[in-house]
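# Reading the structure
If you want the building blocks of each chain, they are given just below.
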Amino acid sequence: MTRFGYDERSAALLVFPVLAVLLVVAAFPIIYSFWVSLHDIVLTRPLRRPFVGFDNYLRIFDDARFWTAVARTTVYTLVCVAVTTFLAVLVALLLNEVFPGQRLLSALLLVPWATPSVVNGLMWKWIYDPTYGLLNGLLVQVGLLERYRVWLGDPDITLLLIANAAIWKQMPLAALLMIVTMKAIPEDLYRAARVDGANIWQRFVHVTLPALRPGLMLVLVYETMISIRHFDLFLIMTQGGPGDASFTLSWLIYVETFRSLRFGTGAAMSYVLAITTFALSWAVIRFLGKRI
Amino acid sequence: MARITCAALTKSYGAVLAVDALELSIGHGEFMVLLGPSGCGKTTTLNMIAGLEEISAGRLLFDETEVTWTPPHKREVAMVFQSYALYPNKTVRENIAFPLRLRGQSASEIERAVGAAAEQLEITHLLGRRPNELSGGQRQRVALGRAIVRKPSVFLMDEPLSNLDATLRLSMRGLIKRLHQELKATFVYVTHDQAEAMTLADRIAVMKGGLIQQLDTPEGIYERPANIFVAGFLGSPPINLVEGVIAGGAFTRGDFRLALTNPPQEGRAVVLGLRPEDVSAGGDVTARVELVSPLGSETHLDVLAEGGVALTLRVPKEWRAAPGDRLSFGIDPARLHIFDKASETRL
């Protein structure tokens, strides 16, 4: 008997092209960027690239800008994930009911999700615009605001306004995932709970919420991974400003790498961000996965 | 215990009438079985009694109190579902305790009640487990536990044994019967399984198309079916139904002739009903054996009598027959059922 049969050999042959592509487009950049992070590469002096070990990592941990960016990213991610998940559950609860216009509303739900990120960023930038923005116009007309404000110029709320734009785009997918999970809850559980004497809130707590855990886990992991690495909205709406009010980790990596041209420290920051994202996702899966 | 009265109880979904002006009175502590094929309205009726389905028209009374619009939890009913409907995230203990917790009973009361219910159903050793760690039979016992722990006056059961295998179904059937005897509560039980209906019921309501076809004791329904549908729905193998006419005081179909004790009017088109077991050895009916199906305790014979009348007979295992044999057997005219061909009702 041969070690590998015909089937195994053909399988290996068929898998090889995909494996080769994956090695080139995924494995190589991961390994190469790690190599870059261990060298002091500055693009203004391209021929000088000394090996510095983990000095780049130590340097960024000593950098106050890095910790500010970590704090901003944490706030931004927490707001995005919490609000997106909360709204997604509410929207899913609504669209899981049968009422006139439910199908139309379900279809409309997909519009923000289908909007390209750049379009989304520009749209919200215009909505927040201090001279012709919709938000100013609306609030002044209903009397909630006396005069037009420079919304994105206020460091106290900039991050929240960008988060709002992100939530608007991300919530529909999260809601869809929740609806799918809700549809899988057996109707008999609700009927049993009604006979047992559970009111609508108790039915939500004892039947819906526990059954939503798989969907919740998916949404939490996905939203955390997306939000922590958000970049496009920051590029389009504020470019880190006003001051450093929207200087998140992704934006800092961009500035460090492509504006300051310090590829070594930029790669080290990217690695820290990637490992953090992975660790957070793992923690969510482990924490919620145990309870499913 | 409670008496349940359905007065012209109706349920419609748009133009579709699921239950049509149902009149049914279920006595204190009675075990009533709603029997019928899928879509006959039996589960809808049960759901209306439970309060899970809004009543389109008519009234529902528990004893003398009208509960037509009373929500489920205020009706003092407990329900057992075909799917068990156990809360997957809760342990067996928490599942059984859930209705009591919602009623705000104290922890010690709950613990005592859950312990008693678990003991009665022999599931004390399962209290710490979750539903996905239980077998089908164990899950159904837990579902029963959640029902009995509240000590309701009415138990509603929606095909509770349908998901179990044949052996388990038999033992669970015994358990439900024992519970009914011990609890002395009113049971309303929905099934499409005639064996379950026959063994459990004090009375059976056979339903079709949202209407009760016959309401009687199991014996009454089996011995005196009100129409062809009821006759055909109960019995395994099913009753033999042969179309023919009344001629000379006998049922006639070609050369096949059976004398009747109390024949309907001459020339009337009728359907003859003969239970497979209502035949005796030796007699004036002759037939050719087509198929022999020995079952150990008895034998089923498919035979072809005169006039091309095909019959299935359930005979003792001692009857020796082989395909192609000529067989003589007797039919007691008193055991025959005659139905009007046009109206399909018993004559």
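Since this is a predicted model, take the numbers as computed values, not measurements. Every chain is numbered on its own, with residues counted from 1 as its sequence reads. Chain labels run from A onward and ligand labels from 1 onward, assigned in the order the entries are written. In keeping with the predicted nature of the model, local features appear solely for residues at pLDDT of at least 70, side-chain atom pairs appear and are counted solely at 80 or more, and the whole-chain, interface and lining totals rest on all residues. Hydrogens and water are ignored here; the side-chain numbers use all heavy atoms of the structure.

The next thing to look at is the overall build of chain A. Within chain A one finds 13 helices and zero strands. Listed by position from the N terminus, the elements making up chain A come as α-α-α-α-α-α-α-α-α-α-α-α-α. The globule rule used here is 2.2 Å times the number of residues to the 0.38 power, and the radius of gyration it is set against is calculated over C-alpha atoms. Here chain A has a C-alpha radius of gyration of 24 Å; the compact-globule value for 292 residues is 19 Å, and the former is much larger. Counting the 292 residues in chain A, one finds 42% classified as buried. The helix count covers DSSP runs of H or I at least four residues long, the strand count covers runs of E at least two residues long, and both are numbered beginning at the N terminus. For every residue, the accessible area (1.4 Å probe, protein chains only) is compared with the maximum for its type, and the residue is labelled buried under 20%, exposed over 50%, or partly exposed between those bounds.

Time to look at the overall build of chain B. Within chain B one finds eight helices and 19 strands. In chain B, which comprises 347 residues, the proportion classed as buried is 50%. In chain B, 64% of the contacts between residues at least 6 apart in sequence involve partners at least 24 apart. For chain B, the accessible surface area stands at approximately 14800 Å², while carbon and sulfur atoms represent 50% of it. Charged-residue counts in this description rest on Lys and Arg as positive and Asp and Glu as negative, His and the chain ends being excluded. Where a charge sits is defined by one atom per residue type, namely NZ (Lys), CZ (Arg), CG (Asp) or CD (Glu). If the 38 positive side-chain charges of chain B are averaged to one point and the 40 negative ones to another, these points end up 6 Å apart. Residue contacts are defined here by distance: any two heavy atoms, one from each residue, within 4.5 Å place the two residues in contact. With residues, only the protein chains shown are counted as cover, and all accessible areas are computed by Shrake-Rupley using a 1.4 Å probe.

Attention shifts here to the packing of helix α4 (residues 102-114) of chain A against helix α7 (residues 158-183) of chain A. Residues and elements named next belong to chain A. Note on geometry: axes are lines fitted to C-alpha atoms, helical ones only across the stretch in contact, with angles between N-to-C directions running from 0 to 180 degrees. With their axes 7 Å apart at the nearest point, α4 and α7 run at an angle of 130 degrees to one another. Classified by the angle their axes make, α4 and α7 are oblique. Handedness of the crossing formed by α4 with α7: left-handed. Between α4 and α7, the residues in contact are L109, L110, P112 and W113 and W168, K169, M171, P172, L173, A175 and L176, respectively. Polarity classes work like this: nonpolar for Ala, Val, Leu, Ile, Met, Phe, Trp, Tyr, Cys and Pro, charged for Asp, Glu, Lys and Arg, and polar for all others, with Gly in that last group. Its residues assigned to classes, the contact of α4 with α7 shows 10 nonpolar, no polar and one charged. For classification purposes, an angle smaller than 35 degrees is called roughly parallel, one larger than 145 roughly antiparallel, one from 65 to 115 roughly perpendicular, and anything else oblique. For a crossing to be left-handed, the near helix must be turned anticlockwise from the far one by less than a right angle; the clockwise case is right-handed.

Below, the discussion takes up the interface of chain B and chain A. With 24 residues of chain B at the interface, the matching set in chain A holds 14 residues. Contact with chain A buries area across many residues of chain B, yet L52, Y87 and L102 of chain B alone supply 32% of it, more than any other trio. Throughout this description, the term salt bridge denotes a Lys or Arg side-chain nitrogen within 4 Å of a carboxyl oxygen of Asp or Glu. On inspection of chain B and its partner chain A, the count reaches two salt bridges. In this structure, the salt-bridge partner of D196 of chain A is R150 of chain B, at a minimum N-O distance of 3.9 Å. Each polar contact in these results corresponds to two N or O atoms within 3.5 Å; when the atoms are within protein, one needs to be able to donate a hydrogen and the other to accept it, and residues that are neighboring in sequence are counted only if both atoms are side-chain atoms. Connecting chain B to chain A are eight residue pairs in polar contact (both at pLDDT 80 or more). Elements with a contribution of two residues or more to the side of chain B that touches chain A: β6 (77-80) and α2 (92-102) of chain B. Residues that form the side of chain B that touches chain A fall into these classes: 13 nonpolar, five polar and six charged. Throughout, buried area stands for the accessible area (probe radius 1.4 Å) lost by two parts on being put together, summed over both.

Take the sheet that holds strand β14 (residues 269-274) of chain B next. Residue and element names in this part refer to chain B. At least two bridges found by DSSP between two strands are what make those strands a pair. Pairing is antiparallel in the open sheet, where five strands are placed in the order β13-β12-β11-β14-β19. Edge positions in the sheet fall to β13 (256-259) and β19 (337-340), since each of these pairs with one other strand and no more. On average, each strand axis in the sheet is inclined to that of its neighbour by 40 degrees, with strand direction left out of account. Note that strand β11 (residues 240-247) and β14 share six bridges and pair antiparallel.

These results come straight from atomic positions and should not be treated as a statement about function.
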